[in-house]
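# Descriptive structure summary
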Protein chains: 2
Amino acid sequence: MADVQLKVLVGRFEAYAEAYFAELDWPPRLLAAARHAFFGGGKRVRPALALLAAEAVAGLAGPALPWALAVELVHTYSLVHDDLPAMDDDDERRGRPTCHKAFDEATAILAGDALLTEAFAAVARIGDAMTAQRLVGLLVRAAGGAGMVAGQVADIAGVGDPVALEAMQRQKTGALITAAAEGGAIAVGGEADEVAAIRAGARELGLLFQITDDLLDAEQDAEPDGRSYLHHFSRAEVQARLERTAEAARGAFGGLGARATPLVAFVDRIAHRTV
Amino acid sequence: MADVQLKVLVGRFEAYAEAYFAELDWPPRLLAAARHAFFGGGKRVRPALALLAAEAVAGLAGPALPWALAVELVHTYSLVHDDLPAMDDDDERRGRPTCHKAFDEATAILAGDALLTEAFAAVARIGDAMTAQRLVGLLVRAAGGAGMVAGQVADIAGVGDPVALEAMQRQKTGALITAAAEGGAIAVGGEADEVAAIRAGARELGLLFQITDDLLDAEQDAEPDGRSYLHHFSRAEVQARLERTAEAARGAFGGLGARATPLVAFVDRIAHRTV
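Cut-offs used in this document
- Residues numbered from 1 in each chain as written.
- Chains lettered and ligands numbered in written order.
- Predicted model: local features only at pLDDT ≥ 70, side-chain atom pairs only at ≥ 80, totals over all residues.
- Helix = DSSP H or I, 4+ residues; strand = E, 2+ residues; numbered from the N terminus.
- Rg over C-alpha atoms; globule rule 2.2 N^0.38 Å.
- Buried ≥ 20, exposed ≤ 12 C-beta atoms within 10 Å, placed from the backbone.
- Contact = placed C-beta atoms within 7 Å.
- Least-squares fit on C-alpha atoms with pLDDT ≥ 70 in both.
- Nonpolar A, V, L, I, M, F, W, Y, C, P; charged D, E, K, R; others polar.
- Core = buried A, V, L, I, M, F, W, Y, C linked by C-beta atoms within 7 Å.
- pLDDT = per-residue confidence, 0-100.
- Expected span 1.5 Å × (residues − 1).
- Axes fitted to C-alpha atoms, helices over the stretch in contact; angles between N-to-C directions.
- Parallel < 35°, antiparallel > 145°, perpendicular 65-115°, else oblique.
- Left-handed = near helix turned anticlockwise from the far one by under 90°.

Moving on, we get to the overall build of chain A. Regarding its fold elements, chain A presents 13 helices and 2 strands. In terms of overall size, chain A behaves like a compact globule, its C-alpha atoms giving a radius of gyration of 18 Å where 275 residues would be expected to give roughly 19 Å. Each of the three principal axes of chain A carries a C-alpha extent, and together these read 50 × 45 × 35 Å. In chain A, which comprises 275 residues, the share counted as buried stands at 55%. In chain A, the share of contacts with a sequence separation of at least 24, taken over all contacts with a separation of at least 6, comes to 70%.

Superposition of chain B onto chain A requires a rotation of 180° combined with a translation of 0.0 Å along the rotation axis, giving an RMSD of 0.0 Å. Such a combination of rotation and displacement between the chain copies is what one expects of a two-fold axis. Ranked by how close their C-alpha atoms come to the rotation axis, the residues of chain B are headed by A129 of chain B, at 2.7 Å. A share of 100% of the interface residues of chain B reappears at the interface of chain A, consistent with the copies meeting face to face through the same patch.

The residue D89 of chain A is not glycine, and still its phi comes out positive at about 55°. The topology assignment puts D89 of chain A in the loop between α4 (65-82) and β1 (92-93). Using a count of 11 C-beta atoms within 10 Å as the deciding quantity, one classes D89 of chain A as exposed. The phi dihedral of R94 of chain B is positive, around 50°, even though this residue is not glycine.

With that settled, consider the interface of chain B and chain A. Tallying the contact residues gives 39 residues for chain B and 39 residues for chain A. Among the secondary structure elements, those contributing two or more residues to the side of chain B that touches chain A are α2 (28-38), α6 (105-124), α7 (129-143) and α8 (148-157) of chain B. Top contributing element to the side of chain B that touches chain A by residue count: α6 of chain B, with 12 residues. In terms of residue class, the side of chain B that touches chain A is built from 27 nonpolar, 7 polar and 5 charged.

Here we take up α8 of chain B. Burial analysis of α8 of chain B places 7 of its 10 residues in the buried class, the great majority of the element. Inspection of α8 of chain B places M148, V149, A150, G151, Q152, V153 and A154 of chain B among the buried residues, and these make up the whole buried set. Looking at the packing, one finds that the buried side of α8 of chain B touches α2 (28-38) and α6 (105-124) of chain A together with α4 (65-82), α7 and α9 (162-187) of chain B. Looking one or two residues past α8 of chain B, G158 of chain B carries a phi angle of roughly 95°, positive in sign.

A word on the nonpolar core. By size, the foremost hydrophobic cluster in this structure holds 198 residues, and its most contacted members are V123 and L139 of chain A together with V123 and L139 of chain B. Dropping the residues within four chain positions of it, L139 of chain B is found in contact with A70, V74, A119, V123 and A179 of chain B.

Moving on, we get to the environment of A15 of chain B. Within the element layout of this structure, A15 of chain B appears in helix α1 (residues 2-22). Here the alpha-carbon distance between A15 of chain B and G144 of chain B, two residues 129 residues apart in the chain, equals 28 Å.

All names here are of chain B. Within the secondary structure, D90 sits in the loop between α4 and β1 (92-93). Under the C-beta neighbour-count criterion, D90 is labelled partly exposed, with 15 such atoms within 10 Å. In the structure, D90 is positioned 10 residues away from V80 in sequence and 9.7 Å away in space, judged by C-alpha atoms.

Moving on to the confidence of the model for chain A. When pLDDT is averaged along chain A, the result is 95, and 99% of the positions lie at 70 or above. Overall fold confidence (pTM) sits at 0.97, and the ipTM for the predicted complex is 0.96.

End to end, α4 of chain B covers 26 Å across 18 residues, agreeing with the expected 26 Å (1.5 Å per residue, within 8%). Burial within α4 of chain B is extensive, with 18 of its 18 residues counted as buried.

Further remarks concern the packing of α4 of chain A against α6 of chain A. Residues and elements named next belong to chain A. Direction vectors running N to C along α4 and α6 enclose 165°, while the axes themselves pass 8 Å from each other. The angle between the axes of α4 and α6 places the two elements in the roughly antiparallel class. When the axes of α4 and α6 are compared, the crossing they make is left-handed. Note on element contacts: α6 touches α4 through A108, A111, G112, L115, L116, E118, A119, A122 and V123, opposite P66, W67, L69, A70, L73, V74, T76, Y77, V80 and H81. In terms of residue class, the contact of α4 with α6 is made up of 15 nonpolar, 3 polar and 1 charged.

On to the environment of V10 of chain A. Residues and elements named next belong to chain A. Within the secondary structure layout, V10 lies in helix α1 (residues 2-22). When the C-alpha positions of V10 and L52 are compared, they lie 9.9 Å apart, and in sequence the two are 42 residues distant. Excluding residues within four positions of it along the chain, V10 makes contact with R44 and A48.

Structure, rendered in structure tokens:
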């Protein structure tokens, strides 16, 4: 049941995103590069979370669709720029060539810039102006120089101990995941205590996502580096941390009552994910 | 008199920008790279235009300061990314090392991303939520994949004839210059006909700025390439175009009455600029 609801929500998101991209009046090559990155088989974790949070507090997800799109546009731009030769220098992502490989480096830089800029147009589509203004601020705090970009700077500089690792991951991936859920709740007019519960649960979920990421990476890679919890802790310790974090997320979301059941189920889905 | 007012407005802008940057909670190296680019001796044409437009329609510039900052943040990010090795590959700008030379390429990419993101936080500082929402949309249209970024794509692809050159320049530099002025008028609650007059004049001013840019470049460079009006037209033709464009800009702004005198004087300043 919860899985069906998740599938329906992600399907609505894909349709909304397709319609949005269809209206963009961008140069063909720029649009092709942006589409290559955006419709590249991502799991849509952040949009799903935004829409599930909206359902959990208001029983409807529609008004949160522009926000879900904005967050995914930001996530996509960050991957395009992170993959660049001057950054992580990755040739492939999800089994396909990265944007600068499929196109070229200049186009990838510009496609990232355009995706980031467009995210704010999506936020501005939210009907209520005060909500839109608030969400612009939230998105900047999560994505900008004190959020995701700061995390990327810390990642490049390297993290020496688990405290620095967690701080880096809270900024690099946690901030946007938390904002995705929080903004979903705000977009549907959630009360302050509901928004706080969503934020608290999503903060744990962001960490959980990173822990499972490290566990999945470890199944493929030879030796986890300093960016992995498995470099700093034993597997049993990481597993215990995973369960503790999942429990904290379920607890925060569960307090919202029956409407939050799919959101609680989403926590389990992330905790047990295999991709 | 008009020059004194311009100096006062730019001084207010610098103080506002300094105070804004002082509050940014960014990693030191990221902030240093952003400051290097932002406080790099730019002429502040776009902020000046935003504030002069606000003065022209409402007799006050203060409420337009966040908008002026937003536009200059976008302009700055675009220079940082344009200078990258994969783009124009410039080592110097205004006699100083470009951002990726003074720091490194990854830091320059990230500083550009953070500056662009921050621009929207500045817009969201505008007190009236409906105005802020409208200005977010305006900034995306001017700066994004259908505006400045599209112009950069066209510039990289190369322009073959003067029609394509003008179309490229309208997007690459004209769109943000026009939006700077239009947003300044909107930020102070300008009426629709006032905003339209500002937009019309600023469109001409954007072209004028580009024409004078080409003339100044030609004084230094050996041979103007296809990106210059002097590649496509004789010097006399370019001079005639300059005067025609300046006259059109003065005409549009002049219709706003006495308050627009400094804005009209700004047109002359651009037309006769030597740097």
